[in-house]
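Close look at the chain arrangement
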Amino acid sequence: MSDSPRLPIAIVAAMHEELAALLAQMPDEQRIHVAGRDYWVGHLQGQLVVAVLSRIGKVAAATTATVLMERFGVRAIVFTGVAGGLAPGVDVGDVVVATRLLQHDLDASPIFPKYEVPLTGHARFAADTAISDALAVVAADLLSDPVTLLGEKVVEDFKLTAPKVHRGLLVSGDRFVSTSAESEALRLALPDALAVEMEGAAVAQVCHDYGVPFAAVRTISDRADDAAHGDFTRFVSAVASRYSLAVIDAWLATLPTDAPATI
Ligand code: ADE
């Protein structure tokens, strides 16, 4: 992250429940409406932040990221949300911190290699190492005691006894992957993919274009298989939103604080 203390950090959520949990902790937030979205500017853990709901899908996420650059001049974007686990051992209730992000539904072959974003030379966009390292550290610490974070009943209901943090490739596409056949096809095509979601790689591409650091932290809500739709909404409000808030909060608390500022 650059040393521009007065520029805000963007926290982007794909789902309403997660944004609501963040906003509840931002006492001074101001709403700025741009291109159909509400951008909430305020302080969290003494840091100037812009929190926004990207909505779902790559185009919605890319639009949101572009506004964050052009209108708010953000110094970093952190995306928080849920994902479907792909790799063996990436289980419901685990957290994935991306090291690289790829669009699994992008294929301009034979003109460009499969998955490559045409004219960039990249298929895998790197997440910012310093931010991702710090997010992984705070996530591991929080997950070491899920009962304190979520309560006994939620931990039991969702069988979250030993949640883990994983780091690696996160893949994004404009599809909710909800059949075992599709997740198996993704595993075969991209054996190192840890999890699948619908926004991260698009935001990573925009951040790459602007030279702004990006990180993504995702709670595994399902295994992207035939059972992927079950209990999704309840999981997001009972587990993922609480993880997101706790991880973002704990990470922001590790950063040097700014003097209160307006933009
Ligand atoms: N986000 C959470 N679970 C997902 C899935 N199975 N496919 C795509 N995005 C997701």
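Shown above is the structure to which this text applies.
For every chain, the first residue of the written sequence is number 1, and numbering continues from 1 along that sequence. Two thresholds apply to this predicted model, a pLDDT of at least 70 for residue-level local features and 80 or more for giving and counting side-chain atom pairs, whereas whole-chain, interface and lining totals are computed over all residues. Side-chain figures throughout are based on the complete set of non-hydrogen atoms in the structure, without hydrogens or water.

Helix numbers and strand numbers start at the N terminus; a helix is a DSSP run of H or I with at least 4 residues, a strand a run of E with at least 2. Note on placement: Tyr210 falls in helix H7 (residues 200-210). Sequence spacing of Tyr210 and Thr66 is 144 residues, and the spatial spacing of their C-alpha atoms is 8.9 Å. Residue contacts are counted whenever heavy atoms from the two residues lie within 4.5 Å of one another. Beyond its immediate stretch of four places on either side in the chain, Tyr210 contacts Thr66, Met69 and Glu70.

Between its first and last C-alpha, helix H8 (residues 232-253) extends 30 Å over 22 residues, near the 32 Å set by a 1.5 Å rise per residue. Across the chain, bend at a residue is computed as the angle between axes fitted to the seven residues ending at that point and the seven starting from it. Of all the bends found along H8, the most pronounced is centred on Ala240 and spans about 35°. Expected span of a helix: the number of residues minus one, times 1.5 Å.

Here a cavity is any set of points on a 1 Å grid over the protein atoms alone where a 1.4 Å probe fits but cannot get out, and a pocket is any open set with protein on both sides within 12 Å along at least 5 of 7 lines; a residue lines the site when it has an atom within 4 Å of a point. Grid points are joined across faces, edges and corners, and a volume is the space filled by probe spheres set on the points. Counted by the stated rule, this structure contains one cavity of 30 Å³ or more. Taken as a whole, the largest cavity encloses approximately 30 Å³ of empty space. If you go around the largest cavity, the residues you meet are Thr80, Val95, Val217, Thr219, Tyr243, Ser244 and Val247. Put simply, the parts of the chain that give the lining of the largest cavity at least two residues each are strand S10 (214-222) and H8. At three residues, H8 tops the list of elements feeding residues into the lining of the largest cavity. In this count, Pro and Cys sit with the nonpolar residues alongside Ala, Val, Leu, Ile, Met, Phe, Trp and Tyr, while Asp, Glu, Lys and Arg are called charged and the others, Gly among them, polar. Of the residues contributing to the lining of the largest cavity, the split by class is four nonpolar, three polar and no charged.

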